[in-house]
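# Coordinate analysis (summary)
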Amino acid sequence: MIQTFARRALQPQFRSLARFGQSNEEGDVSFLEQVYQYFDKAAALTNIPVDMLNYYKKTDCVIKFHLPLVRDDGTVECIPAFRAQHKTHKLPTKGGTRLSEHIHTEEVEALSLLMTFKNAVLELPYGGAKGGLKMNPKKYSKREIESLMRRFTIELAKRNFIGAAIDVPGPDLGTGEREMSWMKDEYTKFAGHLDINAQGCVTGKAISQGGISGRTESTGLGVFYGCREILEDYEFCTQAGIPAGLRGKSIIIQGYGAVGYYAAKYMCAYGAKLVGVAEWDGSIYEENGIDPDELQAFKESRKGVKGFPKASEYHEDESVIYKECDIFIPAAFEQTVNRTNAPKFNCKVIAEAANGPTTLAAEEILIKKGVKFLPDILLNAGGVTVSYFEWLQNLDHIRPGRMTRRWEETSKYKLLEAIQISTGLRVDVTKNQQAAKLLEGPSAKDLVFTGLEESMAVAVQKTKETASKLNISLRMAAYYNALMTIHQHIDTAGLR
């Protein structure tokens with residue numbers, strides 16, 4: 001049985017940091033402190049003992065080391081590398097690997113805590129982790145990046161910080177299937193003869209390297225599924241001052257990478273309208289709507305959004321994000337919605353596709369303006385969910401649907417045959433390509449997408465139920481559910 005203390009005994013301690021964020025006379029706090037503020041605010045809602053809450057907040061392990069890199073010109077450079085494992089109550093731990101000039105120890109600690117909570121919200125069997133290299137990948141050649149990723153993998157393996165049963169990195173800022181494939185290849189060379197599941201050491205790999213269909217678009221697709229589910233809630237939309245449903249909603253996105261692009265693509269296909277995008281080289285706006293695919297093609301060719309011909313406005317800064325819209329989607333970095341710029345926003349809903357994009361001080365300002373939040377630890381969990389599917393595929397050594405697709409297709413034809421026998425109707429699907437398509441068995445991507453849709457729908461529903469029951473925000477409900485899930489597991493398993 002879970003031990004409990006009286007709620008009133010917990011509230012003072014775990015509201016102290018929240019009060020600091022509310023007054024915040026000196027400006028926004030650090031990213032790690034921001035995450036701790038949200039943790040403490042949610043902790044005050046629980047009856048979990050204070051000493052256990054202190055343990056749940058702290059990082060189990062974080063390492064920093066330096067990687068030597070021989071540059072293309074022959075000079076040697078030392079690159080700082082990091083990996084944090086926030087909680088190892090469930091193994092493996094799981095979290096991305098980023099290449100960023102701004103990465104540091106506190107950042108990976110904060111991001112790993114968010115991963116622990118994200119995994120708990122989606123009921124994934126992982127602890128949280130995060131890591132990366134302190135570098136700007138745009139300033140390095142392909143050979144140099146490959147050398148660093150391979151060396152990073154070896155150093156993690158030597159420290160027992162990578163493996164399908166230990167710690168499973170995935171893609172993050174500055175990394176993708178190319179970098180994950182390099183890491184997988186290096187690890188299998190290092191330990192593949194000892195570990196039959198070595199291919200599962202990382203996720204987000206190329207399909208030829210053991211990756212899974214749909215991983216690239218998964219985070220953005222998860223944002224779409226989450227927004228669609230929540231915006232079907234009449235009460236939520238009434239409080240936000242918008243009609244229920246995603247269709248017809250105007251959207252502005254900050255950060256048009258894979259997450260931002262796919263979120264826009266699926267939302268617009270469903271009936272929403274993309275009216276603004278902010279990127280590193282400026283921001284664009286078009287009241288009549290921007291085609292996500294056309295903008296993506298332009299961005300890939302020009303390496304930015306500046307000069308996009310079908311936008312009526314271009315600004316050298318990111319000021320487009322402050323224009324009036326229904327939904328603002330921060331899909332870039334942490335703390336982009338902060339105490340300084342919060343009063344400038346004119347949106348009804350902020351759907352957090354990035355990790356930790358909103359500071360507590362900014363949230364409090366915007367809540368007073370009536371803005372509703374869709375929290376990051378719920379909304380952007382599509383990536384880790386599909387990474388979970390990829391990890392399972394690697395452990396099973398078989399792609400989804402390989403043993404069932406043809407059987408499901410055969411079953412559909414038998415059902416059609418039974419209907420024809422019973423009714424006397426004759427249907428020749430061989431002459432109708434569309435009808436024949438409907439009878440096909442599901443592809444691997446079909447299974448991944450429906451699995452993700454189900455996972456997001458269940459997580460959203462549980463979050464909404466907690467928010468309604470306790471009369472709290474969706475963010476606090478997600479944090480509350482995560483804390484209770486973690487506590488139940490550790491309380492049952494014990495700490496000895």
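Right above here is the structure, for reference.
Keep in mind it's a predicted model, so treat the numbers as computed, not measured.

## Remarks on the overall build of the protein chain
Scanning the protein chain from N- to C-terminus turns up 18 helices and twelve strands. For a compact globule of 496 residues, the expected C-alpha radius of gyration is about 23 Å, and the protein chain comes in at 24 Å, within 12% of that figure. The principal-axis extents of the C-alpha atoms in the protein chain amount to approximately 75 × 60 × 60 Å. Within the protein chain, the fraction of its 496 residues that count as buried is 55%. Accessible surface, the protein chain: about 22100 Å² in total, of which carbon and sulfur atoms supply 50%.

## Describing unusual backbone geometry
With the exception of glycine, most residues fall at negative phi, and the peptide bonds are largely trans. Across the junction of Leu 91 and Pro 92, the peptide omega takes the value 5°, indicating a cis bond. Secondary-structure assignment places Pro 92 in the loop between strand E2 (76-85) and strand E3 (93-100). A positive phi is found at Asn 160, a non-glycine position, where the angle reads about 60°. Take Asn 160: it is sitting in the loop between helix H6 (142-158) and strand E5 (167-171). The phi torsion at Asn 471 lies on the positive side, around 55°, for a residue other than glycine. On the basis of relative accessible area, Asn 471 is assigned to the exposed category, the value being 71%.

## Quick look at the sheet that holds strand E10 (residues 325-330)
What the seven strands build is an open sheet, ordered E9-E8-E7-E6-E10-E11-E12; its pairing is mixed. Looking along the sheet, the strands with just one partner apiece sit at the ends: strand E9 (313-315) and strand E12 (372-374). With strand direction ignored, the average angle separating the axes of adjacent strands in the sheet is 20°. As paired elements, strand E6 (residues 250-254) and E10 share four bridges and run parallel to each other. The residue of E10 that forms the bridge with Gln 254 is Pro 330.

Reading guide: rules and limits
- Chains are numbered independently. Their residues run from 1 in the order of the written sequence.
- Confidence filtering applies because this is a predicted model: local features only for residues at pLDDT of at least 70, side-chain atom pairs given and counted only at 80 or more, and all residues used for totals across whole chains, interfaces and linings.
- To obtain the side-chain values, all non-hydrogen atoms of the structure were included, while hydrogens and water were left out.
- Strands here are runs of E lasting at least two residues and helices are runs of H or I lasting at least four, both read from the DSSP assignment and numbered beginning at the N terminus.
- For this measure, only C-alpha atoms enter the radius of gyration; the expected value for a globule follows 2.2 Å times N^0.38, where N is the number of residues.
- Each residue gets one of three labels from its accessible area relative to the maximum for its type: buried under 20%, exposed over 50%, partly exposed in between, using a 1.4 Å probe on protein chains only.
- Method for areas: the Shrake-Rupley scheme with a 1.4 Å probe, in which residue coverage is limited to the protein chains shown.
- Between any two strands, pairing holds if DSSP finds at least two bridges.
- Axes, fitted as lines to C-alpha atoms, cover a helix only where it is in contact. Angles between the N-to-C directions of the axes lie from 0 to 180 degrees.

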